[in-house]
Amino acid sequence: MSKPGSGNQMWGGRFATGPDAIMEEINASIDFDRKLYAQDIAGSKAHAKMLAQQGIISKKDAKQISVGLDTILSEISSGKFKFSRALEDIHMNIESRLSDLIGEAAGRLHTARSRNDQVATDFRLWVKQTMFALSDNLTQLMKVLTDKAEQHCDTIMPGFTHLQSAQPVTFGHHCLAYVEMFARDKSRVNDAIVRMNECPLGAAALAGTGFDIDRVMVAKELGFSSPTRNSLDSVSDRDFALDLLASASICATHLSRLAEEIVLWSTPQFGFITLSDSFSTGSSIMPQKKNPDAAELVRAKTGRINGSLVALLTVLKGLPLSYSKDMQEDKEAVFDAAESLEVALSAMRGVVGDMAINTQAMRLAAGSGHATATDLADWLVREAGLPFREAHHVTGRVVALAEKQGVILEELTLEQLQSIHPKITNAAYNVLSVENSVASRKSFGGTSPKNVKQQVRYWRKRLK
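Residues numbered from 1 in each chain as written. Predicted model: local features only at pLDDT ≥ 70, side-chain atom pairs only at ≥ 80, totals over all residues. Heavy atoms only, no water.

Draft legend 1. Main features of the overall build of the protein. A count of helices and strands for the protein gives 18 helices and 6 strands. A globule of 464 residues ought to have a C-alpha radius of gyration of about 23 Å, yet the protein, at 31 Å, is considerably larger. Dimensions of the protein, computed from the C-alpha atoms along their principal axes, are close to 100 × 50 × 40 Å. Look at the contacts in the protein between residues 6 or more apart in sequence, and 73% of them connect residues 24 or more apart. About 22400 Å² of surface is accessible on the protein, with carbon and sulfur atoms providing 52% of the total. (Helix = DSSP H or I, 4+ residues; strand = E, 2+ residues; numbered from the N terminus. Rg over C-alpha atoms; globule rule 2.2 N^0.38 Å. Contact = heavy atoms within 4.5 Å. Areas by Shrake-Rupley, 256 points an atom, 1.4 Å probe, with all protein chains shown as cover.)

Here's what the structure looks like:
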């Protein structure tokens, strides 16, 4: 239990005793919110500069505060700063050290602000900066995928539905499908940055302040487009953090889908790719094994990231306006998700960049499963004048015959084909090869090598 008379300096004279030990344990956040030190110092410097400009504190005090904060920034960056759990959080750790350095002037820094708007500002700054880095990481992954697409515009592989061989596509087209996904992820990130680009500092505890502050100045000093417009919303809003987590969850889901395909493709049963030693591991007992651990871990990170989104949604769902201590639970989830996604993006960039493509295995698999059956049905519509439903039925019978004979479609004789339908001619063989099938898919967004090359040029231009 805490000792009588050991009041807390942060809470002033209201409390006669300090907190119980378990209260200190649940209340302290310095173990994780120390990550916000640079943002906290930047916010305090901007606030002090504004207070001096408005004549609320002296320029001398503002100067001392700025110099002291720079000293603290240097101490934390170099690992010399001593954090105290008794001081709860990063804000009070910095303010206490500032008091040690410059004395009474440090006590003027907290004029016209609260820890409520202070933490909202620090956290929003950190999230915004993280989103910029996330956008850049997505660009780098998209470039690697575009490189692979350009190298394999003509590489034929099976396209799947239900994980069953469906129609042949090009590997370049497959790579560009993920470029499209990650481009949407990037657009979500960039949209979120615009929404969160407002500064909460100056909202104070919840109602604003009676001091004649200049919130526009502070917002500009910190790189925001404007101050927030409602003091209640300013201190209770965490949807900027949800934006990061939601964007991260969708992006992680896309990464996980790609990781799953890489795991499948690298198996002997598929044999489509060979992963580099840099992104694989071996087995402690089976010397032949080469495990796609990097891809598997990317796939697993999605669970952590999705969990972080659900956690923060659950924390916020029942909170009345404005600030509640529940919001202290916002940061760990965001920090963990951001770190997990950064690692996953970097790992996937390495996996994709280094993997070798087995073009022969892909081509062989593309011809299995009667993947050009739809091409034959289209030919019957186009050349023989059959309604598509009839052409579909005829082609189904052709497939059944090929399976019975143990051959692929193009190995059936003309006589066998005509036994199914007399209007089939030698010209039908032109559409039964996977090369011709792929080349024919010229519709916008289709898989033909010509289209893939056009899309590569498009993405090269966008990703500059």
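The structure having been displayed, the exposition proceeds.
Draft legend 2. Seen up close, the pairing of strand β1 (residues 156–161). Where β1 lies against strand β2 (residues 164–170), 6 bridges are found, and the strand directions are antiparallel. Note on β2: the bridge partner recorded for M157 is V169. Hairpin remark: β1 followed by β2, antiparallel, with 2 residues in the connecting loop; positive phi at H162, about 60 degrees. (Pairing = 2+ DSSP bridges.)

Draft legend 3. Summary view of the pattern of salt bridges. Scanning all chains against the criterion turns up 22 salt bridges. Here D185 makes a salt bridge to R188, at a shortest N to O gap of 2.9 Å. Residue D185 and its partner R188 are located together in helix α7 (residues 171–195), separated by 3 residues, close to a single helical turn. The exposure class assigned to R188 is partly exposed, which follows from its relative accessible area of 28%. In this structure, a network of salt bridges that share partners links the residues E88, D89, R115 and K325. (Salt bridge = Lys/Arg side-chain N within 4 Å of Asp/Glu carboxyl O. Buried < 20%, exposed > 50% of the residue type's maximum accessible area, 1.4 Å probe, protein only.)

Draft legend 4. Spatial organisation of the nonpolar core. Among the nonpolar cores identified, the biggest contains 103 residues, and F182, L255, I262 and M348 are the most heavily contacted of them. In terms of residues, this core owes the most to one element, helix α10 (residues 239–265), which gives 14 residues. Beyond its immediate sequence surroundings of up to four residues, M348 is in contact with L141, L255, L258, A259, I262 and V298. Within the second largest apolar cluster, 21 residues are counted, among which are A391, A402, L417 and A428. (Core = buried A, V, L, I, M, F, W, Y, C linked by side-chain atoms within 4.5 Å.)

Draft legend 5. Spatial organisation of empty space enclosed by the protein. Tallied over the full model, the rule gives 3 cavities of 30 Å³ or more. Approximately 60 Å³ is the volume found for the largest cavity. Every residue along the wall of the largest cavity is listed here: G367, H370, A371, T372, I408, L409, E410, L432 and V434. Here the lining of the largest cavity is composed, by residue class, of 5 nonpolar, 3 polar and 1 charged. (1 Å grid on protein atoms, 1.4 Å probe; cavity = no way out; pocket = protein on both sides within 12 Å on 5 of 7 lines; lining within 4 Å. Points joined across faces, edges and corners; volume = space filled by probe spheres on them. Nonpolar A, V, L, I, M, F, W, Y, C, P; charged D, E, K, R; others polar.)

Draft legend 6. View of a nonpolar patch on the surface. A contiguous nonpolar patch, built from L206, L232 and L321 and spanning about 270 Å² of accessible area, is present on the exposed surface. Relative to the elements of secondary structure, L232 occurs in helix α9 (residues 231–236). For L232, a relative accessible area of 33% gives the class partly exposed. (Patch = residues over 30% accessible without salt bridge, like charges linked within 9 Å, V, L, I, M, F, W, Y side chains within 5 Å.)

Draft legend 7. Representation of the layout of surface pockets within the structure. A volume near 320 Å³ is recorded for the largest pocket. G159, V169, H173, H174 and A177 are, among the 14 residues lining the largest pocket, the residues nearest its centre. Where the lining of the largest pocket is concerned, the elements lending two or more residues are β2, α7 and α10. It is α7 that contributes the most residues to the lining of the largest pocket, 5 residues altogether. Grouping the amino acids of the lining of the largest pocket by side-chain chemistry returns 5 nonpolar, 5 polar and 4 charged.

Draft legend 8. Looking closely at the packing of helix α14 (residues 373–384) against helix α15 (residues 388–405). Contact pair α14 / α15: the axes reach a minimum separation of 8 Å and the direction vectors enclose 135 degrees. Classified by the angle their axes make, α14 and α15 are oblique. Here α14 and α15 pass one another in a crossing that is right-handed. Residues A373, L376, A377, D378, L380 and V381 of α14 form the contact with α15, whose own contacting residues are F388, A391, H392, V394, T395, V398 and V399. (Axes fitted to C-alpha atoms, helices over the stretch in contact; angles between N-to-C directions. Parallel < 35°, antiparallel > 145°, perpendicular 65-115°, else oblique. Left-handed = near helix turned anticlockwise from the far one by under 90°.)

Draft legend 9. View of the side chain of T155. Checked against the element boundaries, T155 lands in the loop between α6 (115–151) and β1. With relative accessibility at 11%, the residue T155 sits in the buried group. Within the structure, the side chain of T155 is placed 2.8 Å from the side chain of H152, a separation counted as a polar contact. With sequence-adjacent residues up to four places away left out, T155 is seen in contact with V169, T170, F171, T359 and M362. (Polar contact = N/O pair within 3.5 Å; in protein donor to acceptor, adjacent residues only side chain to side chain.)

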